[in-house]
Amino acid sequence: MFSYGSALRRARRGAVMVAAALVAAFTVGLGAQAVASEPVVFTAEVGGVVQVGRTLTAVTDNVDATYDYQWRVGGVVVDADESYDVVASDVGKTLVLVVTARQDGFVEATVKTAGLTVKRGTFASFTPKITGKRVVGQTLDTTVPDKGKVSIAWLRDGKAISGATGQRYRLRSADAGHRISVKIVQRASGYVTKRTVSPSTSRVKRAFASTAEPSIVGIARVGKVLRAEAGEWSPDVTTFTYQWYRDGVAIGGATKAERRLGLKDLGHTITVKVTGRKAGYRAESRMSVATAKVRKGIISLKAATISGTLKVGRRLSVDLGTVQPSGVTTTYQWYRNLKPIEGATGSTYRLKNADEDRRITVKVRYAKTGYVTRAKMSVGVADIEPRNQVMRGNGVWKVGTDVRPGLYYTASSTDSCYWARLTDASGSQGSLIGDDIGSGHRMIRIKASDEYVYTEGCGGWIRDDGTGREKPYLPGDGWFSIGSDVQTGTYVSTDNDQCYIAFMDTPTGEWADILASYVLDGTISMILQEGDGVVEVQGCNPWKKVG
């Protein structure tokens with residue numbers, strides 16, 4: 001082999017000499033041309049792994065030269081291309097590359113590489129992968145390499161399974177409880193035989209012979225409990241687990257056999273997935289049919305009862321009993337003879353004068369988000385006793401001690417009732433603040449500034465709380481509170497002779513509080529309006545409401 005550096009220097013000297021010779025020849029005329037005497041300078045070697053299945057390439061380093069190639073195996077020329085594909089028949093033989101180079105101005109040169117022994121080929125790295133369910137009756141599949149002749153053997157716990165030599169293997173009863181793997185053997189002429197075993201599967205399980213679609217028992221309403229029933233499975237299941245779904249989406253934490261429906265379920269459908277498990281068997285899951293859309297819940301309740309002393313002035317309370325679910329809000333409306341009492345909307349109610357001998361009930365309204373609002377009337381109470389009387393009989397009564405300030409009326413009709421409001425109990429004319437005398441239904445307004453009250457012939461008195469029977473007529477002689485004792489409207493009385501009528505803001509017995517007074521005969525029409533205070537009639541024929 002030539003040294004490229006020394007050859008190059010010699011080539012340069014030769015070129016100078018040839019050039020000089022050419023100049024001399026041209027000067028004297030045509031003559032013999034100079035002949036190259038230096039060989040082409042280059043190196044050659046085999047590129048690649050000398051192994052069956054590989055491609056070898058001739059590697060040279062003089063880019064100005066052209067080359068001819070000979071690939072020789074066992075002394076025989078097998079190819080004349082720049083590259084050579086090693087074949088199986090080459091195994092064990094010596095491979096040599098012969099390269100001949102040509103280049104202008106240089107003598108043709110040939111290089112032969114050292115002999116190399118051809119080795120057997122090797123297959124690419126490959127690991128079989130098993131797919132399929134590890135359950136008796138199911139089929140497993142394995143990947144296979146794409147090179148060489150492939151043989152397959154399925155293994156049970158590392159031992160070959162008789163007859164199981166295909167790419168697919170159907171699991172048998174004998175496989176239950178065991179691990180399955182597969183051995184792949186690759187063979188090809190000129191190649192090293194390759195044996196590869198896959199990783200083992202998990203233990204093969206049996207399949208349930210039969211399963212059942214679960215059912216949901218219960219009413220699809222907020223607050224109600226739904227229960228999942230798994231049905232009959234064969235063989236018997238050791239453990240069932242549950243997962244509840246809302247519109248097909250798993251509900252977090254809802255993993256018990258029973259589930260109480262909540263507000264989030266309203267308007268949605270519910271399903272449940274039941275999974276059965278048994279040692280040695282593959283877990284199986286079945287989904288139930290969906291419920292109807294969940295409706296609003298129904299509040300559970302009983303008719304409320306009323307407790308308390310049945311006497312005017314005393315307070316009644318509502319006993320709701322057991323109400324389900326918790327968190328229900330309640331509102332109230334009290335009734336007198338099935339007519340709502342204005343302003344009586346609390347859980348308690350203080351009995352009024354108008355309630356005497358009437359039937360009292362309360363309607364309770366129950367409400368909760370996600371539930372149907374309900375309203376139910378309580379059990380009623382009756383036989384309401386009248387308010388306790390004060391200033392019973394004749395006498396002088398200390399205001400603030402014997403009687404409180406306020407409006408009072410006689411407990412019964414009187415023949416001649418006299419009362420006086422006093423600054424002291426001396427009995428002098430100077431102590432008189434206001435007084436009144438008359439028959440029938442009498443009234444008195446006691447002020448906080450009064451010191452004493454004197455009554456005679458009046459019987460007992462009842463404190464007026466602003467309520468009454470609101471009669472559509474005037475029941476005889478006396479003072480009557482408009483809008484409480486008697487209804488507002490137009491009243492007519494006929495054939496009167498000296499009928500006395502007086503209007504007053506309130507019955508104080510003071511002249512300044514009298515708004516108007518009349519003595520009339522014949523047919524009289526009288527209009528009573530809200531806010532008119534009280535009216536007194538004496539010696540009049542019966543009054544009839546006409547409008």
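Trainee: Describe the sheet that holds strand β33 (residues 406-410), with residues and values.
Mentor: Pairing is antiparallel in the open sheet, where three strands are placed in the order β36-β33-β38. Because the sheet does not close on itself, it has two edges, and the strands there are β36 (443-446) and β38 (461-463). Averaged over neighbouring strand pairs, the angle between their axes works out to 30° when direction is ignored. One ladder, built from three bridges, connects β33 with β38; its direction is antiparallel. Its bridge partner being in β38, threonine 410 is matched across the sheet by tryptophan 461.

Trainee: Can you break down the nonpolar core residue by residue, with the values?
Mentor: If you look at soluble globular proteins, the nonpolar side chains tend to sit buried side by side. Formed by 41 residues in total, the largest nonpolar core has its most connected members in Trp244, Ile299, Leu316, Val318, Trp334, Ile360 and Tyr366. Among the elements that take part in this core, strand β29 (residues 360-367) stands out by supplying four residues, more than any other. Within the second largest apolar cluster, 22 residues are counted, among which are Val40, Ala44, Trp71 and Val118.

Trainee: So what about the packing of aromatic side chains? Which residues, and what values?
Mentor: Across all of its chains, the model carries ten aromatic pairs by this definition. Within the aromatic cluster, the residues linked to one another by ring pairs are Phe208, Trp233, Phe240 and Tyr281. The cationic tip of lysine 398 hangs over the ring face of tyrosine 452; the distance from NZ or CZ to the ring centre is 4.8 Å.

Trainee: So, unusual backbone geometry: which residues are in play, and what are the values?
Mentor: Of note, the amide linkage connecting serine 234 to proline 235 takes the cis form, showing an omega dihedral of -10°. Within the secondary structure layout, proline 235 lies in the loop between β17 (225-229) and β18 (239-246). Of note, the amide linkage connecting glutamine 324 to proline 325 takes the cis form, showing an omega dihedral of 5°. By the secondary structure assignment, proline 325 is in the loop between β25 (315-319) and β26 (329-336). At asparagine 337, a position not held by glycine, the phi torsion is positive, near 50°. Among the secondary structure elements, asparagine 337 is positioned in the loop between β26 and β27 (339-340). Phi at methionine 391 is positive, roughly 45°, even though this residue is not glycine. Following the sequence through the fold, methionine 391 ends up in the loop between β31 (374-377) and β32 (395-398).

Trainee: Would you mind going over a positive patch on the surface in detail, with residue names and values included?
Mentor: On the surface, Lys149, Lys183, Arg187 and Arg195 cluster together into a positively charged patch. Structurally, arginine 187 is set in strand β14 (residues 180-187).

Trainee: Any chance you could break down the pattern of salt bridges for me, citing the residues and the numbers?
Mentor: For the structure on display, the rule yields 17 salt bridges. Note that aspartate 355 and arginine 336 form a salt bridge whose closest N and O atoms lie 2.4 Å from each other. Of this pair, aspartate 355 sits in the loop between β28 (348-350) and β29 while arginine 336 sits in strand β26; the two residues are 19 residues apart in sequence, bridging distant segments of the chain. The pair formed by aspartate 355 and arginine 336 is uniform in burial state, with each residue classed as buried. Measuring nitrogen to oxygen at the nearest pair gives 2.8 Å for the salt bridge that ties glutamate 510 to arginine 421. In this pair, glutamate 510 sits in the loop between β40 (489-504) and β41 (514-528) while arginine 421 sits in strand β34 (residues 414-422), placing the two residues 89 residues apart along the sequence. Residue classification places glutamate 510 among the partly exposed residues on the basis of a relative accessible area of 22%.

Trainee: Pulling in residues and values, what's your account of the side chain of histidine 441?
Mentor: Mapped onto the fold, histidine 441 is located in the loop between β35 (432-440) and β36. Of the residues examined, histidine 441 reaches a relative accessible area of 18% and is grouped as buried. In contact with histidine 441, other than residues within four places in its own chain, are Tyr409, Thr410, Asp477, Gly478, Trp479, Phe480 and Asp485.

Trainee: So what's going on with the state of the cysteines? Which residues, and what values?
Mentor: Throughout the structure, instances matching the rule amount to two disulfides. In this model cysteine 499 forms its disulfide with cysteine 540; the gap between the sulfur atoms is 1.9 Å. When the S-S torsion is 85°, as for the bridge of cysteine 499 with cysteine 540, the disulfide is right-handed. Highlighted residues: cysteine 499 in strand β40 and cysteine 540 in the loop between β42 (534-538) and β43 (544-545), separated in sequence by 41 residues. Each disulfide in the protein links cysteines that, numbered along the sequence, combine into the pattern 1-2, 3-4.

About the thresholds
Residues numbered from 1 in each chain as written. Predicted model: local features only at pLDDT ≥ 70, side-chain atom pairs only at ≥ 80, totals over all residues. Heavy atoms only, no water. Pairing = 2+ DSSP bridges. Helix = DSSP H or I, 4+ residues; strand = E, 2+ residues; numbered from the N terminus. Axes fitted to C-alpha atoms, helices over the stretch in contact; angles between N-to-C directions. Core = buried A, V, L, I, M, F, W, Y, C linked by side-chain atoms within 4.5 Å. Buried < 20%, exposed > 50% of the residue type's maximum accessible area, 1.4 Å probe, protein only. Phe/Tyr/Trp six-rings, centres within 6.5 Å; stacked < 30°, edge-to-face > 60°. Lys NZ or Arg CZ within 6 Å of the ring centre and 35° of its normal. Patch = residues over 30% accessible without salt bridge, like charges linked within 9 Å, V, L, I, M, F, W, Y side chains within 5 Å. Areas by Shrake-Rupley, 256 points an atom, 1.4 Å probe, with all protein chains shown as cover. Salt bridge = Lys/Arg side-chain N within 4 Å of Asp/Glu carboxyl O. Lys, Arg positive; Asp, Glu negative; His and termini not counted. Charge placed at Lys NZ, Arg CZ, Asp CG, Glu CD. Contact = heavy atoms within 4.5 Å. Disulfide = S-S within 2.5 Å.

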